[in-house]
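Here is how the chains run, residue by residue.
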Amino acid sequence: MPTEKKIFTDSGIEIKELYQSTDIQPAIEMPGEFPFTRGVQPDMYRGKLWTMRQYAGFSTAEESNKRYHYLLSQGVSGLSVAFDLPTQIGYDSDHELADGEVGKVGVAIDSLEDMETLFDGIKVEEITTSMTINATGFILLALYVALAKKQGADLQKISGTIQNDILKEYAARGTYIYPPKASMRIITDIFEWCTNELPKWNTISISGYHIREAGSTAVQEIAFTLSNGKAYVLAALQKGMDINIFGKRLSFFFNAHNNLFEEVAKFRAARRMWAIIMKELGATDPKAMMLRFHTQTGGATLTAQQPLNNVIRVAIQTLAAVLGGTQSLHTNGYDEALSLPTEQAAMIALRTQQIVAFESGAPDTVDPLAGSYFIESLTNEVEESAKKIIEQIDAMGGSVTAIEQGFMQDEIARSAYEYQRTIETGDKIIVGVNKFQTEEQNTTPGFKIDDSIREVQCNKLKILKAKRDNQKVKHCLLQIKQAAINNTNLMPVVIEAVENYCTLGEIADELRKVFGEHK
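Sequence order as written defines residue numbering, which begins from 1 separately in each chain. Residues qualify for local features only when their pLDDT is at least 70, as the model is predicted, and side-chain atom pairs are given and counted only at 80 or more; totals for whole chains, interfaces and linings, by contrast, use all residues. As a rule here, side-chain values cover all heavy atoms of the structure and leave hydrogens and water aside.

1. Overview of the environment of Tyr501
- Each helix is a run of H or I in the DSSP string that is no shorter than four residues. Each strand is a run of E no shorter than two, and both are numbered from the N terminus. Among the secondary structure elements, Tyr501 is positioned in the loop between α19 (491-499) and α20 (504-515).
- For each residue, the accessible area found with a 1.4 Å probe, counting protein chains only, is set against the maximum for its type, and the residue is called buried under 20%, exposed over 50%, and partly exposed in between. Residue Tyr501 is classed as buried on the basis of its relative accessible area, which comes to 19%.
- When the C-alpha positions of Tyr501 and Val473 are compared, they lie 7.3 Å apart, and in sequence the two are 28 residues distant.
- For Tyr501, the residues in contact, after removing those within four places along its chain, are Leu112, Glu113, Glu116, Lys150, Leu464 and Arg468.
- Between N or O atoms, a polar contact is any pair within 3.5 Å; within protein, one atom must be a potential hydrogen donor and the other a potential acceptor, and residues adjacent in sequence are included only when both atoms are from side chains. A polar side-chain atom of Tyr501 sits 2.9 Å from a polar atom in the side chain of Lys150. Whether two residues touch is decided by their heavy atoms; if any such pair falls within 4.5 Å, the residues are in contact.

2. Here we look at helix α18 (residues 470-486)
- Every helix has an expected span of 1.5 Å times one less than the residues it contains. Here α18 spans 24 Å end to end across 17 residues, near enough to the 24 Å set by a 1.5 Å rise per residue.
- Here α18 has its buried residues at Val473, Cys476, Leu477, Ile480, Ala483 and Ala484. Each buried residue of α18 sits inside an arc of 120 degrees when the element is viewed along its axis, so together they form one side. Those residues of α18 that are exposed and angled more than 90 degrees off the buried face are Gln471, Lys474, Ile485 and Asn486.
- Taken together, the buried residues of α18 touch α6 (180-197), α19 and α20.
- In the stretch just after α18, Asn487 is the one whose phi turns positive, near 60 degrees. The directions from the helix axis to the C-beta atoms form the arc being described.

3. Describing the packing of aromatic side chains
- Stacked, tilted and edge-to-face pairs are distinguished by plane angle, under 30 degrees for stacked and over 60 for edge-to-face with tilted covering the rest, among Phe, Tyr and Trp rings (Trp via its six-membered ring) whose centres lie within 6.5 Å. The full count for this structure, using the stated rule, is 17 aromatic pairs.
- Seen in terms of ring centroids, Tyr209 and Phe253 are 4.9 Å apart; in terms of plane orientation they differ by 0 degrees. Their pairing is stacked. Of this pair, Tyr209 sits in helix α7 (residues 209-213) while Phe253 sits in strand β9 (residues 250-256), placing them 44 residues apart in sequence.
- A relative accessible area of 5% places Phe253 in the buried class.
- Measuring from ring centre to ring centre gives 5.0 Å for Phe267 and Phe293, while their planes differ by 20 degrees; the resulting arrangement is stacked. Of this pair, Phe267 sits in helix α10 (residues 260-280) while Phe293 is found in strand β10 (residues 293-297), placing the two residues 26 residues apart along the sequence.
- Counting every residue linked through ring pairs, the aromatic cluster contains Phe252, Phe254, Phe267, Trp274 and Phe293.
- Here, a charge over a ring means that NZ of Lys or CZ of Arg falls within 6 Å of the ring centre while also lying within 35 degrees of the ring normal. If you follow Lys16 out to its NZ or CZ, it ends over the ring of Tyr19, 5.5 Å from the centre.
- Taking the ring centre of Phe34 as reference, the NZ or CZ of Lys279 above it sits at 4.4 Å.

No statement about biological role is implied by the geometric values presented.
Here it is, written out as structure tokens:
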């Protein structure tokens, strides 16, 4: 007799007890063909494995540089830089609001000097670098370009990504500086400049990761992310840019949670939806319709209780990302509910990716779950549910308006509340948290950042400001202000400013004078 109990995914999609051929219309397209449900490359991982990144950055540039060299020696194929909060919101380390935050959740970068130290002994032409930075993304990109030029690198060959996704900051994360319209203008300046000068650079990583971390469901994650992506494309089109050119440099950033099949379906549905969205917006080049994405395993899924259980969670999430066809992947350390990852935890996280890559067989064939009655049906259901949300946002006038009206924020908060309630009632079991608990003492070694780092950074700034050409600095800052007022592209003047050792805080402040701050 079939059971009566109803089971739902975390997005509220009902899971049937049995799926049959009548439940699906199989995707007939091949991998590497529109609408890319089955992957963006015809041979996927048989041609090239995903890029194994480890997100790292803490303390000073010197300390982070040591961790990068260690990770590169252990087989990572791309670096992923975490910045501290003052860097993310445009304050130098000596600013009063930076007190207590310097070097804590990422590395402190105040000037080109710090950037040179961060990549000391690492040739930027030979690696890809992903930078998780939004409000000050244009300054960090300028610093990276200035560094590349100093290294004698060919800018046409430099590859990597800046996150540069400000819309999700207003909706879910909070590290914004300027109002939405000014922020969108900076982003399209980056698109425009990179198209000509840095053709291999991914100019934005449209991020669902933080939307999910804030408490959204899997369906909301892709709906809000693709809707934000649409807003960026429309802003670039308004500027007269060619969708077939800038469309190829858009990338996405998603979360991977524990519900293995829903996550795989989510990635497949997102690819299909984006291809159709881009086609409707006028793209004709298949490469401009491809949704290429980076995945990070779910930070919010990590538990402080029985932290070694997180090794298993991360392994499941890694498998979901690979079966779903990710282009690059970061795996979290098992201790990250307690502190920044220790070196041992970072190593196990990287080994998790390597074991899936070389021992599991998951990458051996393209889209291995295709044709599964369950996966195909769930892919369709995720797509339908996400489309309804996007239609709602479109009716409001798009993402910017939906964010200004608080729609996305309210929906995420509602989902977060509902999820927490199911944990508290026991309807949702979190192993070691609300079931299978043990009396435990935390023996996991924490990774702590010393408060003295601020002093180190402040001293560096003092020395830098004394030895640089301060007349030149004044001139550069004035040029930035004028470019902002005259609506000319900001990138060339910001690059010149960082090359003359203007600091990140000075540049951000110059634009605060013109654009104001978002409250």
